Amino acid sequence: MLTTSRGISLILALAISALTVAFLLLLDEATPTLLIVAGGISFSVSYILTNITLEFLVFKEISDIYSVLEKIQKKDYSNIPEKSDKLSISPLRRINTSINIYAQTKNKEIEALQKNAEFRREFIADISHELKTPIFAAQGYIHTLLDGAVDDKSVRLKFLKRAAKSLNALDKLVQDLLTLNQMESGVVKFHFETFDLKDLIHEVIEDLEHKAAKRDMLIRFFYDKEKTFNTIADKEKIFRVCQNLISNALKYNNDGGEVEVHLKTHKSQITVEVKDNGKGIPPEDLKRIFERFYRVEKSRSRERGGTGLGLAIVKHILEGHKSKISVSSTLGKGSIFSFELPLEKAPANTVLKTLNSLFV
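What counts, and at which threshold
Residue positions are given per chain, counted from 1 along the sequence in the order it is written. Where totals are concerned, whole chains, interfaces and linings use all residues; where local detail is concerned, this predicted model gives features only for residues with pLDDT of at least 70, and gives and counts side-chain atom pairs only at 80 or more. Heavy atoms throughout the structure, all of them, feed into the side-chain values; hydrogens and water do not. A carboxyl oxygen of Asp or Glu within 4 Å of a side-chain nitrogen of Lys or Arg is what we treat as a salt bridge. Relative accessibility under 20% of the residue-type maximum defines a buried residue, over 50% an exposed one, and the middle range a partly exposed one, all with a 1.4 Å probe and only protein chains included. In this description, a nonpolar core means a group of buried Ala, Val, Leu, Ile, Met, Phe, Trp, Tyr and Cys residues linked to one another through side-chain atoms lying within 4.5 Å. Secondary structure elements are defined from DSSP: runs of H or I of at least 4 residues count as helices, runs of E of at least 2 residues count as strands, and each element is numbered from the N terminus. Pairing between two strands is assigned when DSSP locates at least 2 bridges connecting them. Every angle, taken between N-to-C directions, lies between 0 and 180 degrees, and every axis is a line fitted to C-alpha atoms, over only the stretch in contact when it is a helix. Contacts: residue pairs with any heavy atoms within 4.5 Å of one another. Only rings of Phe, Tyr and Trp enter the pairing, Trp through its six-membered ring, and a pair is recorded when the two centres are within 6.5 Å. The plane angle decides the type: under 30 degrees is stacked, over 60 is edge-to-face, the rest tilted. Each patch is built from residues lacking any salt bridge and having more than 30% relative accessible area; the joining distance is 9 Å for like charges and 5 Å for nonpolar side chains (Val, Leu, Ile, Met, Phe, Trp, Tyr). Using a 1.4 Å probe, the Shrake-Rupley method yields the accessible areas, and only the shown protein chains count as cover for residues. His is not counted here, nor are the chain ends, while Lys and Arg score as positive and Asp and Glu score as negative. Charge positions are represented by NZ for Lys, CZ for Arg, CG for Asp and CD for Glu. pLDDT expresses, on a scale from 0 to 100, how confident the predictor is about each individual residue.

Q: Please clarify how the pattern of salt bridges should be interpreted in this entry.
A: Here the idea is simple: oppositely charged side chains can pair when their charged atoms come close. Evaluated as defined, the whole model comprises seven salt bridges. A salt bridge links D196 to K198, with the nearest nitrogen and oxygen atoms 3.4 Å apart. Classification of D196 as buried rests on a relative accessible area of 17%. Among the salt bridges present, the one from R288 reaches E291, with a minimum N-O distance of 3.0 Å. Given a relative accessible area of 30%, R288 falls into the partly exposed group. Since its relative accessible area comes to 30%, E291 is described here as partly exposed. Where salt bridges share partners, they join D196, K198 and D199 into one cluster.

Right, dumping it as structure tokens:
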């Protein structure tokens, strides 16, 4: 009983009451009635105040601390309060807060580990499926040839071409995986140089015009012809970013549709927008399209080719340029992908030469 708040309060109240009565006995005017009343009041007030102080400011805080410690021992980090009671005593509050922060940190670590484990499971399942498709296809064609079809010259050539196509797709998948892994680990180095982004996009469009023509599609490029679009970036990797975005816009657009590429400048930035008028992307898929192997329409995506790693690589390339890829989409109207790069302004001597040439 003496270890509870009531027992301790009772002892302290009796001690305070006794001291009060002893002090009053020193006075000549003290009467038995006064001593009884003073002792009773001092006992009651002392007991109530001490009990409230111990119960709500000390024992409750200690109980909360033990409760959190028990959860930590059981490795149950759920429902941990973020803050302790402001009415508690400062040292106990600090101890409780420190324990809560520790528990919350551990809870976040566990959640991160669980997400990573789930991501690994999904990744292994996805990569197994992606590798299986071209391997089984090439294997089927080769075994068919070995079973006797090799003697038929027309069948032999057709099956060898199909096997080679499957192996090329497998090689591209492996190369994209290696590239993505190197970017995430920081192995890939960026080689920054100054170049005209407008000319680079023209090159990309020229490379993809035959792909657009096969589906009767048109690529339109909009920019201000009086402006320069020089930027400092890794030219080869930005070429891959633009190629991937425009290629995706063609791939997921409707036959006979249009892809628009807009190049704009704003203060010290160049904005590149790639817009299509296809089916668009559902809102629930927008946050996941930059994940490895994530496809909005898995069956149609595999029929049209691609490794499912393009947008993930785009994201990492732009992050290496201190930029990011943005996307907005409306179902039935299409999607817009955009990113920004720094605008490299012409140096002063170049401006002077230009001015001098005008006056010669």
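Q: Help me out: how do you make sense of the nonpolar core in this one?
A: Proteins that are soluble and globular tend to have nonpolar side chains buried together. Judged by nonpolar contacts, the single largest core of 50 residues is most densely connected at L197, L200, I201, I238, L245 and F339. Going through the elements one at a time, α4 (153–185), α5 (197–214), β2 (218–222), α6 (235–251), β4 (258–266), β5 (269–276), α9 (310–320) and β7 (334–342) are the ones with two or more residues in this core.

Q: Would you take a moment to explain the environment of K132 for this structure?
A: The topology assignment puts K132 in helix α3 (residues 90–146). Sequence spacing of K132 and L170 is 38 residues, and the spatial spacing of their C-alpha atoms is 9.2 Å.

Q: Help me understand the sheet that holds strand β6 (residues 326–330), please; the structure alone is not making it clear to me.
A: Sheets are built from strands paired through backbone hydrogen bonds, the pairs being either parallel or antiparallel. Within the open sheet, the five strands sit side by side as β2-β4-β5-β7-β6. Their pairing is mixed. Where the open sheet ends on each side, the last strands, each with one partner, are β2 and β6. On average, each strand axis in the sheet is inclined to that of its neighbour by 15 degrees, with strand direction left out of account. As paired elements, β5 and β7 share seven bridges and run antiparallel to each other. Counted as the bridge partner of I270 is L341 from β7. In this fold α5 packs onto β2, β4, β5 and β7, with an angle of close to 170 degrees to the strand it touches most, β2.

Q: Can you walk me through the side chain of S46 in this structure?
A: Within the secondary structure, S46 sits in helix α2 (residues 32–73). On the accessibility criterion, S46 (10% relative accessible area) is buried. Here S46 is in contact with A13 and I16, once residues within four sequence places are set aside.

Q: When you look at unusual backbone geometry in this model, what are you seeing that I'm missing?
A: Note on backbone geometry: most residues besides glycine have negative phi, and most peptide bonds are trans. Phi is positive for D216, close to 55 degrees, though the residue is something other than glycine. Relative to the helices and strands, D216 resides in the loop between α5 and β2. For D216, a relative accessible area of 63% gives the class exposed. Backbone geometry at K322 places phi at a positive 60 degrees, although glycine is not the residue there. Turning to its location among the elements, K322 is positioned in the loop between α9 and β6. With a relative accessible area of 79%, K322 lands in the exposed category.

Q: Quick question: what am I supposed to make of the packing of aromatic side chains here?
A: The geometry of an aromatic ring pair comes down to the distance between the two centres and the angle between the two planes. Enumeration over the complete set of coordinates arrives at six aromatic pairs. Between F43 and Y47, the aromatic rings sit 6.2 Å apart at their centres with planes inclined by 15 degrees, giving stacked as the arrangement. Of this pair, F43 and Y47 both sit in helix α2, separated by four residues, roughly a single helical turn. On the basis of relative accessibility, which here comes to 25%, the residue F43 falls in the partly exposed class. Judged by relative accessible area, Y47 falls into the partly exposed class, the value being 25%. A ring pair is formed by Y141 and F159, whose centres lie 5.3 Å apart and whose planes are at 55 degrees; its orientation type is tilted.

Q: Would you mind showing me how to read a positive patch on the surface here?
A: Judged by side-chain charge, K158, R162, K165 and K214 come together as a positively charged surface patch. Looking at the positive patch, the element that brings in the most residues is α4, giving three residues. By the secondary structure assignment, K165 is in helix α4.

Q: Please explain the confidence of the model for the chain as it appears in this structure.
A: Parts of the model with low pLDDT should not have their predicted coordinates read in detail. The predicted model of the chain has a mean per-residue pLDDT of 80, with 82% of residues at 70 or higher. Under a pLDDT of 50 for its full length, residues 299–303 has, in the predicted model, six contacts with residues more than four places off or in other chains.

Q: Could you clarify how one ought to interpret α9 in this entry?
A: An α-helix turns once per 3.6 residues; consequently, residues spaced three or four apart project the same way. Burial of α9 is extensive: eight of the 11 residues sit out of reach of the surface. Along α9, the residues classified as buried are G310, L311, A312, I313, V314, H316, I317 and L318. Positive backbone phi, at 60 degrees, marks K322, one or two positions downstream of α9.

Q: Hey, could you run me through a nonpolar patch on the surface in this one?
A: Among the surface-exposed residues, V37, I41, V45 and L49 lie close enough to one another that they form a single nonpolar patch of about 350 Å² accessible area. Relative to the assigned elements, I41 resides in helix α2.

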